[in-house]
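Survey of secondary and tertiary structure
This is what each chain is made of:
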Amino acid sequence: MELPFDSLWDEYGELRRGCTVRQVLAWMVNFGGHSAGESVCINGVRYCLGRLLYGPERPAVADRPIARICDGYYRQLNFSV
């Protein structure tokens, strides 16, 4: 099975410049095995994926480009923007 375009990583395995938190999380929920109920840490603050993607009062951090990402304990995603 081939996944559609990965908004986070390019064909060289490098982080795509300019991709926003919301673009990446939408891809991960749709194709990456994550759910909207999971949490993610952005600049040290924990957010629910659903709130960043669908919330009526979506935090502004959702539309900022990602500078760095790492996978923490228990699949906890950590982003720096």
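Residues numbered from 1 in each chain as written. Predicted model: local features only at pLDDT ≥ 70, side-chain atom pairs only at ≥ 80, totals over all residues. Heavy atoms only, no water.

**Quick notes on the side chain of threonine 20**
- As for its position among the elements, threonine 20 is in the segment before α1 (21–31).
- Ignoring anything within four residues of it in the chain, the contact list for threonine 20 reads Ala62, Asp63, Arg64, Pro65 and Ile66. (Helix = DSSP H or I, 4+ residues; strand = E, 2+ residues; numbered from the N terminus. Contact = heavy atoms within 4.5 Å.)

**Comments concerning unusual backbone geometry**
- One non-glycine residue, asparagine 43, adopts positive backbone phi at about 50°.
- Mapping asparagine 43 onto the fold places it in the loop between β1 (39–42) and β2 (45–48).

**Focus: the nonpolar core**
- Of all hydrophobic cores here, the largest spans 19 residues; its most connected members are Val24, Leu25, Val40, Ile42, Leu52, Ile66 and Phe79.
- Among the elements of the structure, α1, β1, α2 (49–54) and β4 (77–80) are those that each provide at least two residues to this core.
- By residue number, the principal contributor to this core is α1, which donates five residues.
- Excluding anything up to four places from it in sequence, isoleucine 66 contacts Leu8, Leu15, Arg17, Cys19, Thr20, Val21, Val24, Phe79, Ser80 and Val81. (Core = buried A, V, L, I, M, F, W, Y, C linked by side-chain atoms within 4.5 Å. Buried < 20%, exposed > 50% of the residue type's maximum accessible area, 1.4 Å probe, protein only.)

**A short note on the pairing of β4**
- Residues Leu77 and Phe79 line the buried face of β4, whereas the alternating positions Asn78 and Ser80 sit on a face that is not buried.
- Alignment of β1 against β4, held across three bridges, turns out to be parallel. Within β4, the position partnered with valine 40 by the bridge is leucine 77.
- Pairing of strand β3 (residues 68–71) with β4 involves four bridges; the strand directions are antiparallel. Considered in β4, the bridge of aspartate 71 is made with leucine 77. (Pairing = 2+ DSSP bridges.)

Everything listed here is a matter of geometry and, on its own, says nothing about what the molecule does.
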